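Here is how the chains run, residue by residue.
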Amino acid sequence: MLALQQFDTALEQIGHRRSRLAELAARNAAAAAHNEFVAGIADARSRIEQAQSVIDETEHASAELTAKRARLEAQLKTIIAPREAEALMNEIALINDRRGELDDRELAALEAQAAADEHAVGLAAGESASAAELALTEAALAAASELLDLEHAELSEARAVAAAALSAADVEAYEHARARFAGVAISRLDGMRCGGCHLDISRGEVDMIKALPSDELAECPQCGRFLVR
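Our subject in this report is the structure included herewith. All of these numbers come straight from a predicted model, not from anything done at the bench.

**Details of the side chain of T137**
Counting through the fold element by element, T137 comes out in helix α3 (residues 82-164). For T137, the residues in contact, after removing those within four places along its chain, are E23, A26, R27 and A30.

Shown next, in the form of structure tokens:
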């Protein structure tokens, strides 16, 4: 039964080792770095699209104003009354002011688009390098995980052999105790101390435990774990 406990402890340790692999930490760091590049490129592309939307909008609005100004200028040529001519000239001036505002807005959008495009190009090189690094760390993690998988399979096979050597009642008692005591169902009696709870046992209780038949399970009077004496 102690061998069964040792196998189960070793199997649990594999799980702890798996979560603490240096290769896992390296892969996670590489993935985080790669994700930063991907997010940066996505943000740059979003800003490029937003700038293009502004450019398209301003160009459409400018074209409408240009057409309207052309109509007013043509109309101005047919106007004789000074007051009407002045009103048309004022409206044309307002259109010119609005066109100037649109031109400034479009220029700012073009500059923002160019900056975002340049930023995306710069990030693309880093993204490519980070993707290669991520692939390397994933391969290293896969290799390390494969070794642990092999070790786990070998231990599981050996555990099955150890369990087969016990009676069904002993295996059931062991599994029940293991569930009750957070995975540690059986421990050694180390002098007068339980190896599971690390509490001292009285001399009389130790003598009673040692006097039990070899095929009878002993329990720690302090924690209830099975004891190997």
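**Some remarks on the pattern of salt bridges**
Applying the stated criterion across every chain, the model contains 12 salt bridges. A salt bridge links D8 to R178; the shortest N-O distance between them is 3.4 Å. Here D8 is found in helix α1 (residues 2-19), whereas its partner R178 is found in helix α4 (residues 168-180), with 170 residues between them in sequence. R178 shares its class with D8; the two are buried. As a salt-bridge pair, R17 and E151 come within 3.0 Å of each other at their nearest N and O atoms. Here R17, found in helix α1, pairs with E151, found in helix α3; they are 134 residues apart in sequence, far enough to count as distant.

**So, the sheet that holds strand β1 (residues 186-190)**
With mixed pairing, the 4 strands of this open sheet are ordered in space as β2-β1-β4-β3. A single partner strand is all that each edge strand has here, and the edge strands are β2 (193-194) and β3 (218-219). Here β3 runs beside strand β4 (residues 226-228); their pairing, made up of 2 bridges, is antiparallel. Following the sheet pairing, A218 is matched in β4 by L227. Along the sheet, helix α5 (residues 203-211) makes contact with β1, β3 and β4, crossing β1 at roughly 120 degrees.

About the cut-offs
- Residues numbered from 1 in each chain as written.
- Predicted model: local features only at pLDDT ≥ 70, side-chain atom pairs only at ≥ 80, totals over all residues.
- Heavy atoms only, no water.
- Helix = DSSP H or I, 4+ residues; strand = E, 2+ residues; numbered from the N terminus.
- Contact = heavy atoms within 4.5 Å.
- Salt bridge = Lys/Arg side-chain N within 4 Å of Asp/Glu carboxyl O.
- Buried < 20%, exposed > 50% of the residue type's maximum accessible area, 1.4 Å probe, protein only.
- Pairing = 2+ DSSP bridges.
- Axes fitted to C-alpha atoms, helices over the stretch in contact; angles between N-to-C directions.

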